[in-house]
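Understanding the architecture of this molecule
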Amino acid sequence: MAADPTVSAAPAAPRVNRIGLPILEYRGGKSTLCAGCGHNAISERIVDAMFRMGVPPEKVAKLSGIGCSSKSPAYFMSRSHAFNTVHGRMPSVATGAVLANRTLRALGVSGDGDTGSIGIGQFVHLVRRNVPMIYVVENNGVYGLTKGQFSATADVGSTLKTGEANRLPAIDLCALALQLGASFVARSFSGDKKQLSALLEAAIAHSGTAVLDVISPCVTFNDHEGSTKSYAFVKEHDDPLQEVSFVPYFEEISVQYEPGSVAEVKLHDGSRLILRKLEEAYDATDRVKAQTRISEAHAKGEVLTGLFFVDPAAPTFVDLLALDDRPLATLPDEALRPSRAVLEELMGELR
Ligand SMILES: Cc1ncc(C[n+]2csc(CCOP(=O)(O)OP(=O)(O)O)c2C)c(N)n1
Ligand code: SF4
Ligand SMILES: [Mg+2]
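Presented here is an overview of the structure given in this document. (Residues numbered from 1 in each chain as written. Chains lettered and ligands numbered in written order. Predicted model: local features only at pLDDT ≥ 70, side-chain atom pairs only at ≥ 80, totals over all residues. Heavy atoms only, no water.)

1. A word on the sheet that holds strand β2 (residues 81-84)
- Taken together, 8 strands build an open sheet; the order of strands is β2-β1-β3-β4-β8-β7-β13-β9 and the sheet is mixed. Pairing within the sheet leaves two strands with one partner each, and these edge strands are β2 and β9 (238-240). The mean inter-strand angle of the sheet, taken between neighbouring strand axes irrespective of direction, is 20°.
- Summarising the sheet, β9 and strand β13 (residues 303-310) pair through 3 bridges and their orientation is parallel. Considered in β13, the bridge of D238 is made with V303.
- Sheet strands in contact with helix α5 (residues 120-129) are β4 (133-139) and β8 (209-215), and its direction is about 135° off that of β8. (Pairing = 2+ DSSP bridges. Helix = DSSP H or I, 4+ residues; strand = E, 2+ residues; numbered from the N terminus. Axes fitted to C-alpha atoms, helices over the stretch in contact; angles between N-to-C directions. Contact = heavy atoms within 4.5 Å.)

Structure follows, in structure tokens:
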């Protein structure tokens, strides 16, 4: 993708970030995934994004299900909290963790099988509740860990290595999320460093559920000719909606652009997304348009990427429940138990 001329070139990465930590503090264990797996590239981008945003590692809760993708939280941010749940059950554990402790930033990493097949019911309710978390789907169209069966995101006509073609329609997780009222929906490609980094940083700054579907080729089971989730296919058919740049709230970067060529979206924390339009009419705050563009791209066999939709002001599940700001485990007894007088009043009503 061409460089974005609207934002001045980023300075060389500093040795420590704004909270004084070197990038080493954001790294994890050595990956045991196959060399060249898209999931490894996504882990690297997560390390960079968390470092650049200056998120304290001990304030992050990493959550995942089961799959090669769901193993990847072990390969970044070793200092963070982590919960590797049962297959497809990450969303309910994440919801519990976020409600129990509002001070944690939750980062879910899942697979297309984990989210789109066994976990779809859980995903649906997480998204409609706008649970505050970053939800990354590492989407390779197959169950990599169990040796490459088609998942629910495999396109009709895409083939396995054996030549067998998928005949079932694909679930587009972004289209589904939009229909469910999601407040941040984007798609990227593990091979597009610039776009993925900007979208991850924006997802970190977003207040509700940030659904980020990342096409992440499985080099062992789904990277051949005939696959629509291979590196070659995605590179050839990638159709970005915008050039995405992210300016965090703590950086003052002056941005110059021609009027009308750029849309700016201010996120909840004051960070800014600079979207240089590649399509004149595209507006990332128009949910209906986003759904239409995704359907049109499917019909044309394109892999549409970029920020599909964002609503920075959508109330989150935690806002709706009016929860206490303090982690529930730290609340004193007086805040948890009704007083004797209140209990007696209640009992009186029941008599
Ligand atoms: C309850 C349950 N059912 C089935 C499995 C077997 N299983 C393990 S991982 C997996 C699919 C993983 O696919 P995906 O989420 O796409 O991750 P990938 O390995 O492709 O990254 C399946 C079916 C399981 N571990 N638990
Ligand atoms: S089997 Fe596929 S998804 Fe799993 S680590 Fe290897 S390349 Fe990645
Ligand atoms: Mg998969």
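Still more to cover.
2. Comments concerning the coordination of the magnesium ion (ligand 3)
- For the magnesium ion (ligand 3), the full set of protein donor atoms is D112 (OD), N140 (OD1) and V142 (O), at a range of 2.1 to 2.2 Å.
- Going along the chain, you hit the donors of the magnesium ion (ligand 3) in the pattern D-x27-N-x1-V.
- Since its relative accessible area comes to 2%, V142 is described here as buried. (Donors = N, O, S within 2.8 Å, 3.2 Å for Na, K, Ca; no water. Buried < 20%, exposed > 50% of the residue type's maximum accessible area, 1.4 Å probe, protein only.)

3. Some thoughts on the site of ligand 2
- Around ligand 2, the neighbouring residues are L33, C34, C37, H39, C68, N140, G144, C218, V219, T220 and F221.
- When grouped by side-chain class, the residues that make up the shell around ligand 2 number 7 nonpolar, 4 polar and no charged. (Near = heavy atom within 4 Å. Nonpolar A, V, L, I, M, F, W, Y, C, P; charged D, E, K, R; others polar.)

4. A few points about helix α9 (residues 287-300)
- Taking 1.5 Å of rise per residue, 14 residues should cover 20 Å, and α9 covers 20 Å from first to last C-alpha, within 8% of that figure.
- For α9, the complete set of buried residues consists of A290, R293, I294 and A297. The buried residues of α9 occupy one face: seen down the axis, they fall within an arc of 100°. Projecting away from the buried face of α9 at angles above 90 degrees are the exposed residues V288 and A299.
- Buried positions along α9 lie against α6 (173-179), β9 and β13.
- G301 sits one or two residues past α9 and shows a positive phi near 75°. (Expected span 1.5 Å × (residues − 1). Arc of directions from axis to C-beta.)

5. Here we look at the pairing of strand β12 (residues 272-277)
- Examined bridge by bridge, strand β10 (residues 242-247) and β12 share 6 bridges and lie antiparallel to one another. Opposite S245, over in β12, you have I274 as the bridge partner.
- By the bridge criterion, 5 bridges tie strand β11 (residues 262-266) to β12 in an arrangement that is antiparallel. What sits directly across from E264, in β12, is I274.
- Between the end of β11 and the start of β12, which pair antiparallel, lie 5 residues, with G270 showing a positive phi angle near 95°.

6. Topic: the environment of F150
- The topology assignment puts F150 in strand β6 (residues 149-150).
- Among the residues examined, F150 registers a relative accessible area of 17% and is labelled buried.
- In this structure, the C-alpha to C-alpha distance between F150 and L160, residues 10 residues apart in sequence, is 7.7 Å.
- Setting aside its immediate chain neighbours within four residues, F150 contacts G141, V142, Y143, S158, T159, L160, E164, A165 and N166.

7. Re the sheet that holds β10
- Strand order in the open sheet formed by 3 strands is β10-β12-β11, and the pairing between neighbours is antiparallel. Since the sheet does not close on itself, it has two edges, and those belong to β10 and β11, each with one partner. Geometrically, the sheet is characterised by an average inter-axis angle of 20° between neighbouring strands, direction not taken into account.

Note that all results are geometric; they support no functional claim without further evidence.
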